[in-house]
Amino acid sequence: MNALVPLPVLLPLCATGLSLAFGTRLKRLQRLISVVVLGAVLGLSITLMIAADIRGPLTVHLGDFAPPLGITLVADRLSGLMLTVSSAVTLCVLVYSLGQGMADREEETPVAVFHPAYLILVAGVSCTFLAGDLVNLYVGFEIMLVASFVLLTLGGTGPRIRAGSTYVIISLFSSMLFLTAIAMTYAATGTANFAQLAGRLAQLPLGVQTLIQAMLLTVFAVKAAVFPLAAWLPDSYPTAPAPVTAVFAGLLTKVGVYCMLRTETLLFPGNRLGDLLMAAALASMVVGILGAVAQTDLKRLLSFTLVSHIGYMVFGIGLATRDAYSGAIVYVAHHITVQTTLFLVAGLIERRGGTTELTRIGGLAKAAPLLAVLFFVPAMNLAGIPPLSGFIGKLGLMRAGVADGSAWAWILVTGSALASLLTLYVVAKVWNLAFWRAAPPGQAATGTVLESDSDEDDDADEGPDQIPGTGDEPVRPRHQPAGRAVAATLHGHAVTTTTMLPRPMTGATAAAVALGLAFTVFAGPLTSYTDRAAAELIARTPYVQAVLGR
């Protein structure tokens, strides 16, 4: 069974080579490879999750080199669950992107980049979840960064290049800080392996421990978009194509949360920086949701709710109790699914209504009832309406806060309730404007071109501070026959509004909605699993013994 551990990383990397080899010549085969490989990764992830729950952590030392020389991959209960949820979500997003036509390009284009970049992204995420040392964790981050920049800038429009550049600059800064922290850790302990660090870090002076812990937390807080290190996110994500935004918002920020969970439990037990984490959690909840209240563009609104709800997960990490860790793990799994789903729905709304600017759309509940359902269910889930999984996760975190009884815990419980109420207000505003009210007179007609690479100069038309979908950009509708075949965002193609949404897009979104509902239906087994995962994190011994063999 241990031999299966590297496969979630190796399969997408091998498929990337095949995808590049086939390029634009065999598009259907390229798509088939991507779907089959991600389906296989999902099956492997489920197998590893079950095996880790039954047998304990599974480990592989690549090349049979023992720590600290070799690369160690570890699959325990936490990484198994994260792999499973992320694999399911990335598969849904891939199917959605195929329906949108994201991967299509003209025949003369020498390289088709979407499938290889997407597979590399999946490999990087898997590598991060399975990493058993700081160096391999850094490698996973860099793999994700390379793929992320390609995906963020698909189409080469001015706003996307600007947003991608911001994302890369912030990521490179965090990478430099991460490298510095790794160098300090290795210099002080002689290893970067998690299992060895679990014993050696405790022998360092308290000041050195705290400095390394603070540096790692800063790196992971940037990745997770924890306030005040989240300013880059609302401007970077909304400009990307809907599938890219969905997988970034739903998944990549949770990689940072996962790393915080892993290092705070395994490397730095004792919760020395718990108050700082809870302060950051409260600030993220409040500032994020107030930012969402002020937005009128759906993508930017969802980006701010993302920042807010990251605060719930950091709340659990800051409390550092078994119940808190369990609630945080539930909420991470829930939020990956729900946030991804809502961004996929935003893409469908843009395809149907011509924009995500809420002041310019309406009447979608009558015009597209299926789309209304696909939005309503995850929106209520995000708001934490009983008995959905969002309510279960928030309830677990609040109960852990009440049980803790400290002043910070009670403040966070109050802040969590306030953020939940404001989240309900925000999604109700979206429902009233986009779905419930009558369509405004200026709503885009079916067949309106949303984006085309025939536009010569995005910068000249939009100006340096105008981002598509915010309502600031000039409206340049051009009408095409309704129902024309659509290929999104890439050379020579145009995205147009259509009355009938492509079935793969609606099917993939419905599958993501169903996955979110599955967390509600199987809430009992899920919370039992996360309780065992939290206990394993706190114990540390099973992980250390599995890696070091003693």
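Here the structure is a predicted model, which means the values were calculated and not measured.

Description of the overall build of the chain
(1) Moving on: The helix and strand inventory of the chain stands at 21 helices and four strands.
(2) Moving on: The proportion of buried residues among the 550 residues of the chain is 61%.
(3) Moving on: In the chain, of all internal contacts separated by at least 6 residues, the share reaching a separation of at least 24 is 81%.
(4) Moving on: Counting only carbon and sulfur atoms, one obtains 67% of the accessible surface of the chain, whose full area is about 19,500 Å².

Observations concerning the pattern of salt bridges
(1) Moving on: This model, assessed by the stated rule, comprises five salt bridges.
(2) Moving on: Here Asp53 ties to Arg532 by a salt bridge, and the two come within 2.9 Å at their closest N and O atoms. Note that Asp53 is positioned in helix α2 (residues 27–55) and Arg532 in helix α20 (residues 523–539), a separation of 479 residues in sequence.
(3) Moving on: For Glu350, the salt bridge identified is with Lys299, shortest N-O distance 3.3 Å. Note that Glu350 is positioned in helix α13 (residues 322–353) and Lys299 in helix α12 (residues 298–319), a separation of 51 residues in sequence.

Quick word on empty space enclosed by the protein
(1) Moving on: Scanning the entire structure with this criterion turns up five cavities of 30 Å³ or more.
(2) Moving on: Quantified by volume, the largest cavity comes out at close to 140 Å³.
(3) Moving on: Every residue along the wall of the largest cavity is listed here: Phe141, Met144, Leu145, Tyr167, Ile170, Ser171, Val222, Lys223, Trp232, Tyr237, Leu252 and Val255.
(4) Moving on: Of all the secondary-structure elements, those providing two or more residues to the lining of the largest cavity are α5 (134–152), α6 (158–189), α8 (206–224) and α10 (242–266).
(5) Moving on: In this structure, the second largest cavity occupies an estimated 60 Å³ of space.
(6) Moving on: Lining the second largest cavity, in full, are Asp76, Arg262, Thr265, Leu266, Glu536, Leu537, Arg540 and Tyr543.
(7) Moving on: Of all the secondary structure elements, the ones that give two or more residues to the lining of the second largest cavity are α10 and α20.
(8) Moving on: When residues in the lining of the second largest cavity are grouped by element, the largest group, three residues, is from α10.
(9) Moving on: Partitioning the lining of the second largest cavity into residue classes produces three nonpolar, one polar and four charged.

Observations concerning the confidence of the model for the chain
Residues shown with low pLDDT carry predicted positions that ought not to be read at fine detail.
(1) Moving on: Counting all residues, the mean pLDDT for the chain is 83, and 86% of those residues have values of 70 or more.
(2) Moving on: Segment residues 103–111: pLDDT under 50, and 21 contacts once partners within four positions in sequence are set aside and those in other chains are kept.
(3) Moving on: The low-confidence segment residues 451–494, where pLDDT is below 50, has 102 contacts with residues more than four positions distant or belonging to other chains.

Focus: the packing of aromatic side chains
To describe a pair of aromatic rings, you give the distance between the ring centres and the angle between the ring planes.
(1) Moving on: Considering all chains together, one arrives at 13 aromatic pairs under this definition.
(2) Moving on: Arranged with centres 5.7 Å apart and planes meeting at 80°, the rings of Phe178 and Phe220 form a pair that is edge-to-face. Highlighted residues: Phe178 in helix α6 and Phe220 in helix α8, separated in sequence by 42 residues. The residues Phe178 and Phe220 share a single accessibility class, namely buried.

Here's the deal with the layout of surface pockets
(1) Moving on: There is about 350 Å³ of room inside the second largest pocket.
(2) Moving on: Lining the second largest pocket are 14 residues, and of these Met49, Leu81, Thr84, Phe519 and Leu526 sit closest to its centre.
(3) Moving on: Looking at the lining of the second largest pocket, the elements that each hand over two or more residues are α2, α3 (77–100), α19 (503–521) and α20.
(4) Moving on: With four residues, the single largest contributor to the lining of the second largest pocket is α3.
(5) Moving on: Within the lining of the second largest pocket, the residues separate by chemical class into 13 nonpolar, one polar and no charged.

Description of a nonpolar patch on the surface
(1) Moving on: There is a patch of nonpolar side chains on the surface, built from Leu29, Leu32 and Val36 and spanning about 250 Å² of accessible area.
(2) Moving on: Here Leu32 shows up in helix α2.

Definitions and cut-offs
Residues numbered from 1 in each chain as written. Predicted model: local features only at pLDDT ≥ 70, side-chain atom pairs only at ≥ 80, totals over all residues. Heavy atoms only, no water. Helix = DSSP H or I, 4+ residues; strand = E, 2+ residues; numbered from the N terminus. Buried < 20%, exposed > 50% of the residue type's maximum accessible area, 1.4 Å probe, protein only. Contact = heavy atoms within 4.5 Å. Areas by Shrake-Rupley, 256 points an atom, 1.4 Å probe, with all protein chains shown as cover. Salt bridge = Lys/Arg side-chain N within 4 Å of Asp/Glu carboxyl O. 1 Å grid on protein atoms, 1.4 Å probe; cavity = no way out; pocket = protein on both sides within 12 Å on 5 of 7 lines; lining within 4 Å. Points joined across faces, edges and corners; volume = space filled by probe spheres on them. Nonpolar A, V, L, I, M, F, W, Y, C, P; charged D, E, K, R; others polar. pLDDT = per-residue confidence, 0-100. Phe/Tyr/Trp six-rings, centres within 6.5 Å; stacked < 30°, edge-to-face > 60°. Patch = residues over 30% accessible without salt bridge, like charges linked within 9 Å, V, L, I, M, F, W, Y side chains within 5 Å.

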